[in-house]
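# Structural overview
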Amino acid sequence: MAPAPPDLSLADMALRILMGVAAASLASLSGVGGGVFFVPIFLFIVGLPPNIAVGSSKVVVAIVSIVSGLTYLRQGTTRISRAAPLMVSMIPGAALGAYLVAYIDPRLLEVILGLFITYYSFRLLLATARKALAREAKPVEEEGSRGPRPGGRYLMLATGVAAGLFAGLTGTGGGAILVPMLTLLRIAKLKEAVAISMLSISLGAVVSAAIHVWTGVVDFGAAAPFALGALVGSVLGPMAASRLSTDALRPIVALVLLLVALRLLF
C-alpha cells in the first residue's frame, strides 16, 4: 500500500514541479526515458521506499515517453513506421530478459552494458572535442549518417529484441540502450535516434506503469507534482532538440548516458 500523500507547502510543490520539468526535459532531449532522474528523486528527495520510488517513477516515465514521442512525431523528427518495429520487438525481448535473470548473473551484464554506454558516451564527447578543436572547417561525421543499411526492418526488429533483453536483464531503461545502438548500427542519426527511442519505449513504459499501479506500489500524491512538471518538460525537450545543432546535442546526450553508465557500474 502506498503511503499517504505528504502535506506540501506551495513553495515545495512549485519546486517539485520545476524538478519534473527539468528531469523530463533532459530525459526527452537525450532519449533515455527518465528513470535515471526520477528514481533517485523519489528515493533521496521525496524519501519513498525503494519499491514505491520505482513504481512512482514508472508512472512519470510513461508520461514523459508518450508526450515527448508524440511531440517528436508532430515535429516530423521521425515517423511512427520507424519506431513500430522496435515497439513490437522490445516487449518480448524484455519478457525474455525478465525470465533469464534467474539463470544469468545480472551484475556481470550491468558492468558490460555500463562499459558499452561509457564507450559510446566518450565517442560522442570525443567527436564534440574534435569539432571544437578542428582548425579546418571540416565537419565531424555524425553517427548513423551513412544512410539506412540493407534489411533495415529486420535490423530494427533485432535491435528492439536486444535492447529489450538487456533492459529486462539489468532493469535499465531501454532508451539508454537504443540511442547508442541506433546510431552505431547506422539506423538513424542522433536526433532521430533520440526521437525513435522515446517513441519506442512508450508502449513498454505504459505496460510497466500499469503493472505497478495494479500491484499498488505507486504513490500518486508524491508523483503528481513531478508528473505535472513532466507534461511541460516532455514538450520542452523535443522543442529544444529541434533547435539545437547536432554538435550542441551530442554532449548533452553523452553526459546523460554517462549518468546511466555510472548507475550500472557502481
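In this report, we go over the structure that sits alongside the text. (Residues numbered from 1 in each chain as written. Predicted model: local features only at pLDDT ≥ 70, side-chain atom pairs only at ≥ 80, totals over all residues. Heavy atoms only, no water.)

Glancing now at the overall build of the chain. Scanning the chain from N- to C-terminus turns up ten helices and zero strands. Counting helices and strands in the order they occur from the N terminus, the chain gives α-α-α-α-α-α-α-α-α-α. Relative to the compact-globule value of 18 Å for 266 residues, the chain shows a C-alpha radius of gyration of 18 Å, a close match. Structurally, the chain occupies a C-alpha span of about 60 × 45 × 35 Å along its principal axes. Buried positions account for 48% of the 266 residues belonging to the chain. In the chain, the share of contacts with a sequence separation of at least 24, taken over all contacts with a separation of at least 6, comes to 82%. Seen as two clouds, the 20 positive and the 11 negative side-chain charges of the chain have centres 10 Å apart. (Helix = DSSP H or I, 4+ residues; strand = E, 2+ residues; numbered from the N terminus. Rg over C-alpha atoms; globule rule 2.2 N^0.38 Å. Buried < 20%, exposed > 50% of the residue type's maximum accessible area, 1.4 Å probe, protein only. Contact = heavy atoms within 4.5 Å. Lys, Arg positive; Asp, Glu negative; His and termini not counted. Charge placed at Lys NZ, Arg CZ, Asp CG, Glu CD.)

With respect to the helices, strands and loops of the structure, M181 is situated in helix α7 (residues 174-184). Taking C-alpha positions, M181 is 7.1 Å from T159, a pair spaced 22 residues apart along the chain. Not counting chain neighbours up to four residues away, the residues in contact with M181 comprise T159, A162 and A163.

What follows concerns the side chain of S25. By secondary structure assignment, the location of S25 is in helix α1 (residues 10-30). Within the structure, the side chain of S25 is placed 3.5 Å from the backbone oxygen of G233, a separation counted as a polar contact. When sequence neighbours within four positions are dropped, the list of residues in contact with S25 reads G233, L236 and G237. (Polar contact = N/O pair within 3.5 Å; in protein donor to acceptor, adjacent residues only side chain to side chain.)

Those residues of helix α2 (residues 35-45) lying buried are V36, F37, F38, I41 and F42. Buried-residue contacts for α2 involve α1, α3 (50-75), α9 (220-243) and α10 (246-265). Phi turns positive, to about 85°, at G47, one or two residues after α2.

Within the secondary structure layout, G237 lies in helix α9. For G237, a relative accessible area of 1% translates into the label buried. Distance from G237 to A27, taken between C-alpha atoms, is 7.6 Å for residues 210 residues apart in sequence. The contact partners of G237, leaving out residues within four places of it in the chain, are S25, S28, L29 and Y72.

Attention shifts here to the nonpolar core. Counting residues in hydrophobic clusters, the biggest one holds 66 residues, and the most contacted among them are F38, F42, V60, V64, I117, L182 and V253. If you tally residues by element for this core, the top one is helix α8 (residues 190-214), at ten residues. If we skip the residues at most four places from it in the chain, L182 touches L86, M156, I187, A188, A193 and I196. (Core = buried A, V, L, I, M, F, W, Y, C linked by side-chain atoms within 4.5 Å.)

It is worth spelling out the pattern of salt bridges at this point. Under the counting rule described, the total for this entry stands at four salt bridges. Note that R107 is salt-bridged to E110, the shortest N-O span being 2.9 Å. Of this pair, R107 and E110 both sit in helix α5 (residues 106-133), separated by three residues, roughly a single helical turn. One salt bridge in this structure joins R250 and D247, with 3.0 Å as the shortest N-O distance. (Salt bridge = Lys/Arg side-chain N within 4 Å of Asp/Glu carboxyl O.)

The next thing to look at is a nonpolar patch on the surface. On the surface, L228, L231, V232, L236 and M239 cluster together to form a nonpolar patch covering roughly 410 Å² of accessible area. Here L228 is to be found in helix α9. (Patch = residues over 30% accessible without salt bridge, like charges linked within 9 Å, V, L, I, M, F, W, Y side chains within 5 Å. Areas by Shrake-Rupley, 256 points an atom, 1.4 Å probe, with all protein chains shown as cover.)

Glancing now at the packing of aromatic side chains. Scanning all chains against the criterion turns up two aromatic pairs. Seen from their ring centres, F42 and F226 are 5.1 Å apart, and the 75° between their planes marks the pair as edge-to-face. With F42 in helix α2 and F226 in helix α9, this pair connects stretches of sequence that are 184 residues apart. Just as F42 is buried, F226 falls in that class too. The interplanar angle of 50° and the centroid separation of 5.5 Å between the aromatic rings of Y99 and Y103 together place this pair among those described as tilted. (Phe/Tyr/Trp six-rings, centres within 6.5 Å; stacked < 30°, edge-to-face > 60°.)

On to unusual backbone geometry. Phi at R186 takes a positive value of approximately 60°, unusual for a residue other than glycine. If you trace the backbone, R186 turns up in the loop between α7 and α8.

Another point: the packing of α1 against α3. Following both chains from N to C, one finds α1 and α3 inclined at 55°, their axes separated by 10 Å at the closest point. As the angle between them shows, α1 and α3 are arranged oblique. Crossing of α1 over α3 shows right-handed handedness. For the pair α1 and α3, the contacting residues are A24, A27, S28 and L29 in the first and V64, S68 and Y72 in the second. Class assignment of the residues belonging to the contact of α1 with α3 gives a composition of five nonpolar, two polar and no charged. (Axes fitted to C-alpha atoms, helices over the stretch in contact; angles between N-to-C directions. Parallel < 35°, antiparallel > 145°, perpendicular 65-115°, else oblique. Left-handed = near helix turned anticlockwise from the far one by under 90°. Nonpolar A, V, L, I, M, F, W, Y, C, P; charged D, E, K, R; others polar.)

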